[in-house]
Amino acid sequence: MLPKRIAAMLLACCSIFLFANFASAHQAFSGAPNPETGLKPVQVFDVAAGKVTKTIPNDAKYQEMASSWVGSITGLAPQMTNDSSCSYVYRVPLEKAVTIKANDVSVSSDDLFLFYCKEKPPLLLVFDEKRRPFLFLFKADIKPFIDRVGIPAA
């Protein structure tokens, strides 16, 4: 059974995903696709606040960073522990779907959820076509992404 904190984070990520899909379908979402790129915005979910606290226009630089994360995946992540070190989850919609292969798992998705946890390696959460969650470990440096987003502040 997943710890309550992990279940809450997964629920939060699902909520972000569902909210974004619902809102964009009704043209009322403040994070409409960037008119220049056609990409849905990058979103920052504050776990403590329980809501999206920042929406940022998505661009080629964010796509490049997300691609480097996917390219550096080392495998499936072990189950996360129940603690308060994971303070932010970043949603990065992709221009086109990617297929992630690790161990015996192959997952295609056009959304990446980056978990930022102090003192721990970052994790990528990806949902498959049946909306099942998969957590992946990766080696790419997320500092340029965090600096560009500005949350958490340096």
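Refer to the structure above for everything that follows.
Remember, predicted model here, so these are calculated numbers, not experimental data.

Peer 1: Can you tell me about the overall build of the chain, naming the residues and giving the values?
Peer 2: Along the backbone of the chain there are three helices and seven strands. For the chain, the succession of helices and strands along the chain, N to C, is α-β-β-α-β-β-β-β-β-α. Burial status across the chain gives 47% buried among its 154 residues. In the chain, once contacts between residues fewer than 6 apart in sequence are set aside, the share between residues at least 24 apart is 61%. Summed over its atoms, the accessible surface of the chain is roughly 8500 Å², and 56% of this surface lies on carbon and sulfur atoms.

Peer 1: Could you give me a rundown of the state of the cysteines, with the residues and numbers involved?
Peer 2: In total, this model carries one disulfide according to the counting rule given. Disulfide partner of C86: C117, at an S-S distance of 1.9 Å. Its S-S torsion of approximately 90° makes the covalent link between C86 and C117 right-handed. On the criterion of sequence distance, the pair formed by C86 in strand 4 (residues 86-102) and C117 in strand 5 (residues 105-117) is long-range, its members being 31 residues apart.

Peer 1: Now, about the sheet that holds strand 1 (residues 42-46): what can you tell me, with residues and values included?
Peer 2: An order of 2-1-4-5-6-7-3 is seen for the seven strands of this open sheet, with the pairing classed as antiparallel. Single-partner strands in this sheet number two, and they are strand 2 (51-56) and strand 3 (73-76). Strand-to-strand twist in this sheet, taken as the mean axis angle between neighbours without regard to direction, amounts to 35°. As paired strands, strand 6 (residues 123-127) and strand 7 (residues 133-138) are joined by five bridges and run antiparallel to one another. In the sheet register, L125 faces strand 7, and the bridge partner there is L135. In this fold helix 2 (residues 60-71) packs onto strand 1, strand 2, strand 3, strand 4, strand 5, strand 6 and strand 7, with an angle of close to 75° to the strand it touches most, strand 4.

Peer 1: Report on the packing of aromatic side chains, specifying residues and quantitative values.
Peer 2: A full pass over the atoms with the stated rule returns six aromatic pairs. When the centroid spacing of 5.2 Å and the interplanar angle of 90° are considered together, the rings of Y90 and F145 count as edge-to-face. Here F145 lies in helix 3 (residues 143-149) and Y90 lies in strand 4, a separation of 55 residues in the sequence. Judged by relative accessible area, which is 0%, Y90 ranks as buried. Judged by centre distance (5.7 Å) and plane angle (85°), the ring pair of F113 and F127 falls under edge-to-face. Of this pair, F113 sits in strand 5 while F127 sits in strand 6, placing them 14 residues apart in sequence. Taking relative accessible area as the criterion, F113 reaches 0% and is therefore assigned buried.

Peer 1: Any details on the side chain of N58? Residues and values, ideally.
Peer 2: Secondary-structure assignment places N58 in the loop between strand 2 and helix 2. On the basis of relative accessibility, which here comes to 0%, the residue N58 falls in the buried class. Reaching out from N58, the side chain makes a polar contact with the backbone oxygen of P93 at a distance of 2.8 Å.

Peer 1: Which residues make up the side chain of S109, and what are the values?
Peer 2: Along the polypeptide, S109 turns up in strand 5. Side-chain polar atoms of S109 contact the backbone oxygen of D111, separated by 3.0 Å. When neighbours within four sequence positions are excluded, S109 is seen to be in contact with L94, A97, V98, V126 and F127.

Rules of the game
- Residues numbered from 1 in each chain as written.
- Predicted model: local features only at pLDDT ≥ 70, side-chain atom pairs only at ≥ 80, totals over all residues.
- Heavy atoms only, no water.
- Helix = DSSP H or I, 4+ residues; strand = E, 2+ residues; numbered from the N terminus.
- Buried < 20%, exposed > 50% of the residue type's maximum accessible area, 1.4 Å probe, protein only.
- Contact = heavy atoms within 4.5 Å.
- Areas by Shrake-Rupley, 256 points an atom, 1.4 Å probe, with all protein chains shown as cover.
- Disulfide = S-S within 2.5 Å.
- Pairing = 2+ DSSP bridges.
- Axes fitted to C-alpha atoms, helices over the stretch in contact; angles between N-to-C directions.
- Phe/Tyr/Trp six-rings, centres within 6.5 Å; stacked < 30°, edge-to-face > 60°.
- Polar contact = N/O pair within 3.5 Å; in protein donor to acceptor, adjacent residues only side chain to side chain.

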